[in-house]
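Structural features, examined
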Amino acid sequence: MTELLAATPENIARAAEVLKHGGLVAFPTETVYGLGANALDAKAVTGIFTAKERPSADPLIVHLARVEQVPLVARSVPETAYRLMQAFWPGPLTLILPKQPAVPDLVTSSLETVAVRVPNHPIALALLHETGLPIAAPSANRFGHTSPTTALHVWHDLRGRIDLILDGGSATIGVESTVLDISTTPARILRPGGVTREMLEAVIGPVTVLGQKRKAEPGLPSPGLLEKHYAPRAEMILFVGEHARDALRACLAEQGRVRKVGVLAADEEAGALEQAGAVVYRLGSDLNSIARHIYAGMRWLDGQGVDLILCRDYGESGLGLAVRDRLMRAASRIQSAE
Ligand code: AMP
Ligand code: MG
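Below is a summary of the structure that appears in this document. (Residues numbered from 1 in each chain as written. Chains lettered and ligands numbered in written order. Predicted model: local features only at pLDDT ≥ 70, side-chain atom pairs only at ≥ 80, totals over all residues. Heavy atoms only, no water.)

Attention now moves to the sheet that holds strand 13 (residues 261-265). Pairing between sheet strands relies on hydrogen bonds along the backbone, with the strands arranged either parallel or antiparallel. An order of 14-13-15-12-16 is seen for the five strands of this open sheet, with the pairing classed as parallel. Strand pairing shows two members of the sheet lacking a second neighbour, strand 14 (279-282) and strand 16 (333-336), which therefore form its edges. Taking each pair of neighbouring strands and ignoring which way they run, the sheet shows an average axis angle of 20°. In terms of strand pairing, strand 13 meets strand 15 (residues 308-312) through three bridges, oriented parallel. Bridge pairing links V261 to L308 in strand 15. Along the sheet, helix 10 (residues 267-275) makes contact with strand 13, strand 14 and strand 15, crossing strand 14 at roughly 170°. Packed on one face of the sheet, helix 11 (residues 287-303) meets strand 12 (235-240), strand 13, strand 14 and strand 15 and runs near 155° to strand 14. (Pairing = 2+ DSSP bridges. Helix = DSSP H or I, 4+ residues; strand = E, 2+ residues; numbered from the N terminus. Axes fitted to C-alpha atoms, helices over the stretch in contact; angles between N-to-C directions. Contact = heavy atoms within 4.5 Å.)

Dropping the structure here:
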């Protein structure tokens, strides 16, 4: 039985008890909803992989209430890490650090490193404080599905598989945290996310971005970075390049005659696309809003029973890089329109 509860102080206390006893609790963070378990309890962590049907080669991010807890899970913390923590925690930045032996291998997929962050969300922080434990928490969806940005998304994916869902409304950032490897010089973004490259560079100087792998390969530096991930059920085409908007409209004109077509669109494009026959999900008009809505949009269009989803790229500055990364992973096909 899975309970879906409003995140009142009493229910947060109850959720903390569930976690302390080895249970599984989904909770809101500023990025997406997480599925938490005690990171130091191998049996509890096994439950995460079972509930999500997640392959054990995909390591988890450990969530902490405060910076002072980092030594519970990390063996050593370089000076750069402290600078980044001071600048961006609590917040959507995950740091890869040398692992403390107390952290079960399952959490890190047997890597010598551990991924850590302090989330910037009052409910997540209250829950973490109340447990006093490091909490391993991947996104609270079935593996390969789009990440959940509402409690209802979690309910649809995981009901009957976990103990409790704390409902704290919609996630405000909407894409996962930035994963940063600081063991190299310059530091490398393994996964773009809520803390942008520009923000990082303002604090630690030049940062590189790991080229997106389109296939699962052995020895991938960040094992979760598979080609297809975070995906809707419907086939999805992503248009990139200078003429992406035109190419998308041409595709809609052609495919719309034979299939039910959904489009993830910025507000200013929505009206024209609706007139051309598409089921349109409005993402908003700036990158913050677009990032916040892409997952909900994919889920909504799936719910509308569309056969095909079309979307376009929004560039690579600021949150655009994270948006592009998630759309590329969700897309069945990427079409270049230079
Ligand atoms: P999520 O499903 O949002 O919890 O994402 C977790 C992701 O963080 C994984 O799929 C990896 O890409 C990345 N990650 C976690 N731990 C490590 C690690 N030790 N080294 C590199 N990447 C990691
Ligand atoms: Mg995930």
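With 10 of its 11 residues buried, helix 12 (residues 320-330) lies for the most part within the structure. Those residues of helix 12 that sit buried are G320, L321, A322, V323, D325, R326, L327, M328, R329 and A330. (Buried < 20%, exposed > 50% of the residue type's maximum accessible area, 1.4 Å probe, protein only.)

Moving on: the sheet that holds strand 3 (residues 34-38). One open sheet holds the 11 strands; their spatial order is 1-8-2-3-7-4-6-5-9-10-11, and the pairing between them is mixed. Of all the strands in the sheet, the pair left with one neighbour each is strand 1 (3-6) and strand 11 (207-209). Sheet analysis places strand 9 (residues 178-181) next to strand 10 (residues 187-191), joined by three bridges and oriented antiparallel. Directly across from D181, in strand 10, lies its bridge partner R188.

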